[in-house]
Structure formats: structure tokens, C-alpha cells
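Read off the chains here:
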Amino acid sequence: MNRNILPKKNGITVIISVICTQHAAKAVIKTPTSVIYLQDIPANLANFAAKPTRKRKDMTLNNFLAYVKTGKPLNTEEIFLFMNEMSNEARKITFKLNTSYYTPDEVREMLAELFGQPVNPTLRVFPPFYTDFGKNIHIGQNVFINACCHFQDHGGVTIGDGCQIGHNVVFATLNHGTAPEDRIYTYPAPITLGKNVWIGSNATILQGVTIGDNAIVAAGAVVTKDVPANVIVGGVPARFIKSI
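Now for a look at the structure at hand.

1. Concerning the pattern of salt bridges
Thinking step 1. For the structure shown, the criterion picks out 2 salt bridges.
Thinking step 2. Between glutamate 89 and lysine 135 there is a salt bridge, with the nearest N and O atoms lying 3.3 Å from each other. Residue glutamate 89 is located in helix H3 (residues 77–97), and its partner lysine 135 is located in the loop between strand S6 (129–131) and strand S7 (137–139); the two are separated by 46 residues in the primary sequence.
Thinking step 3. Since its relative accessible area comes to 36%, glutamate 89 is described here as partly exposed.
Thinking step 4. Residue aspartate 105 pairs with arginine 108 through a salt bridge whose shortest N-O separation is 2.6 Å. Within this pair, aspartate 105 and its partner arginine 108 are both found in helix H4 (residues 104–115), separated by 3 residues, close to a single helical turn.

2. Description of the packing of H3 against H4
Thinking step 1. It is the contact of H3 with H4, at a shortest axis distance of 10 Å, that shows an interaxial angle of 170°. As the angle between them shows, H3 and H4 are arranged roughly antiparallel. In this structure, H3 uses Ala90, Ile93, Thr94, Lys96 and Leu97 to contact H4, whose residues at the interface are Val107, Met110, Leu111, Glu113 and Leu114.

3. Some remarks on H3
A turn of α-helix holds 3.6 residues, and therefore any two residues three or four places apart point the same way.
Thinking step 1. Counted at 1.5 Å a residue, the expected span for H3 with its 21 residues is 30 Å, and the 30 Å between its end C-alpha atoms agrees.
Thinking step 2. All of the buried residues in H3 are Ile79, Phe82, Met83, Met86, Ser87, Ala90, Ile93, Thr94 and Leu97. For H3, the angular spread of the buried residues around the axis is 135°, confining them to a single face. Exposed positions of H3 whose direction lies more than 90 degrees from the buried face are Lys92 and Phe95.

4. Examining the sheet that holds strand S17 (residues 204–206)
Thinking step 1. Taken together, 5 strands build an open sheet; the order of strands is S6-S9-S12-S17-S20 and the sheet is parallel. One side of each edge strand has no neighbouring strand; the edge strands of this open sheet are S6 and strand S20 (222–223).
Thinking step 2. Here 3 bridges tie strand S9 (residues 149–152) to strand S12 (residues 170–172), and the two strands are oriented parallel to one another. The residue of S12 that forms the bridge with glutamine 152 is alanine 172.

5. A few points about helix H2 (residues 61–68)
Thinking step 1. All of the buried residues along H2 are Phe64, Leu65 and Val68. Considered in projection along H2, the buried side chains sweep an arc of 95° and stay on one side of the axis.
Thinking step 2. In the core, the buried residues of H2 are packed alongside H3 and strand S14 (186–188).

6. As for the packing of aromatic side chains
Thinking step 1. In total, this model carries 7 aromatic pairs according to the counting rule given.
Thinking step 2. Where phenylalanine 64 meets phenylalanine 82, the ring centres are 5.0 Å apart and the plane angle is 35°; that geometry is what we call tilted. Of the two residues, phenylalanine 64 sits in helix H2 while phenylalanine 82 sits in helix H3, which places them 18 residues apart along the sequence.
Thinking step 3. Exposure remark for phenylalanine 64: the relative accessible area of 0% places this residue in the buried category.
Thinking step 4. Assessed through its relative accessible area of 4%, phenylalanine 82 is described here as buried.

7. Some words on the nonpolar core
Thinking step 1. Grouped together as the largest cluster of nonpolar side chains are 38 residues, with contacts concentrated most on Leu111, Phe129, Phe171, Leu193, Ile199 and Ile211.
Thinking step 2. Of all the elements in the fold, those that place two or more residues in this core are H3, H4, S9, strand S10 (157–159), strand S15 (191–193) and strand S21 (231–234).
Thinking step 3. At 5 residues, H4 tops the list of elements feeding residues into this core.
Thinking step 4. Setting aside residues up to four positions removed in sequence, isoleucine 199 forms contacts with Gln164, Ile165, Gly166, Val169, Leu193, Ile205, Ile211 and Val217.
Thinking step 5. With 11 residues, the next largest nonpolar core counts Phe64, Ile79, Met86 and Phe133 among its residues.

8. Things to note about the side chain of aspartate 182
Thinking step 1. Assignment of secondary structure puts aspartate 182 in the loop between strand S13 (174–176) and S14.
Thinking step 2. It is arginine 183 that comes nearest to the buried, bridge-free aspartate 182 among opposite-charge side chains, at 8.2 Å.
Thinking step 3. The residues touching aspartate 182, leaving out its near neighbours within four places in the chain, are Gly177 and Tyr187.

9. Quick notes on the packing of H2 against H3
Each packed pair of helices is defined by two parameters, the angle between the axes and the distance between the axes.
Thinking step 1. Their axes nearest at 12 Å, the elements H2 and H3 cross at an angle of 115°. On the basis of their axis angle, the class for H2 and H3 is roughly perpendicular. Once H2 is placed against H3, the crossing between them reads as left-handed. Packed against H2, whose contacting residues are Leu61, Phe64 and Tyr67, the element H3 presents Ile79, Phe82 and Met83 at the interface.

Rules behind the numbers
- Residues numbered from 1 in each chain as written.
- Predicted model: local features only at pLDDT ≥ 70, side-chain atom pairs only at ≥ 80, totals over all residues.
- Heavy atoms only, no water.
- Salt bridge = Lys/Arg side-chain N within 4 Å of Asp/Glu carboxyl O.
- Helix = DSSP H or I, 4+ residues; strand = E, 2+ residues; numbered from the N terminus.
- Buried < 20%, exposed > 50% of the residue type's maximum accessible area, 1.4 Å probe, protein only.
- Axes fitted to C-alpha atoms, helices over the stretch in contact; angles between N-to-C directions.
- Parallel < 35°, antiparallel > 145°, perpendicular 65-115°, else oblique.
- Contact = heavy atoms within 4.5 Å.
- Expected span 1.5 Å × (residues − 1).
- Arc of directions from axis to C-beta.
- Pairing = 2+ DSSP bridges.
- Phe/Tyr/Trp six-rings, centres within 6.5 Å; stacked < 30°, edge-to-face > 60°.
- Core = buried A, V, L, I, M, F, W, Y, C linked by side-chain atoms within 4.5 Å.
- Lys, Arg positive; Asp, Glu negative; His and termini not counted.
- Left-handed = near helix turned anticlockwise from the far one by under 90°.

In C-alpha cells, the structure reads:
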């Protein structure tokens, strides 16, 4: 039996007990004059409620950004809580950005809030724009990002000067473990685009990929390996097509 004594109310101390069995539990309220049995509740919920509240260690943004550079799995409660908090913060901004018209300057202001740093005044983004983190996106000068692009940027997304990003492009910097027991966890690795890279519509760039200067990724390609400078790649998975 787990017991919690609540503060006095109107001069009466109320004792709440949780009687647990293997499959269920009863909540019991005792006062000096009566005993009240509440309805059954699941045993696991009762046990959870009876446990003392755990205080999480604070994960800072700088600590998280340093950790993801190691490529180690994101597999601790501290990291899960931090990622959830950052996802909620990011979605508050993107929901606002994506549900009304804003001038280019206003879009850049919201992106600066989302990224946690100033953005270059030459950046042009057509919303909607999606990310569940936002704090590890780094964009150079004269970059254009078309509508409906998705940035899963926990591992880091860097876009060089002069890049052109087509509709519905996905940048995915997290990968799940392949072993079934490891699949719940994710592993980060950065994505880096050099200068003047053109990513065609509906392409997907996977974690750990570097794309060289002036390269072109054809529409619909899935890029799983590094792309040299001055080439065109396409297909699933993306393969060399020709040099530029």
C-alpha cells in the first residue's frame, strides 16, 4: 500500500491510499469520520502516481548541439524531454508562419526566431515551411527555398550560398537503429550542401550526406551517399547521371 497525506483542509487531514494488486488498484480516501473507496484504476497508473516525481537534468541547447556532433544515439530521457520541448516550440512558430500571408521580411523575422539566430537578408522562403527543431539550420547568402520543404535538422543542415531548393524537399538528419531492439532510438548525422547546389522537387536528402558545389539533384531522387561537385545525380537511390 502506498500512502500520501494531503494538507489539512477545513481542519481535516485527508489520507489518500492506493491499494495495488497485480492487475488493478483502488484509490482510498480516509477522513476521521469515513472511508471512501473509489473505482478501480489500472495498476500501472496507480504505481506511477505513487512514485515520487523525478526531476530531470536540464539539457541546454549548446549541450545538445555538442552531443549530436558525436553521432551517438539519442536515447536518454533527458534528450527525449528536450527534443519534445523544442519540437513544441518550433511548431508554434511554423503553425503561425504557415497559416497566413507574410511579407518576405516578416517571413525572415519568424525564421530568425525559429533558427535562434539572424538570417541573411537575401534568404527567400516560400511557406509553408516545416521543421520539428529549427535550431541547427545554417543558411548562406542568396538561397531560395520553395514551398513545403521539411527540415529534420537535429543533426544539422547547412546550405551554402546560392542554393536553390525545390518544392517538397526533405532533409532528414536522423536515422533509426536497424536492430529491432534499437529501432526506437535515432542517430544524428549532418547534411551539408556546398555552393550553388540545385535540389529538384520531391527529393530526399538523408543523414550524413555532403553535396558538392554546383551539383544538381534530380527531382524525386533519394540521396543516400555523398555527391561530388559539378555532377548531376538522380534516381532511387541517387546515382551519377553526368558531369556538368
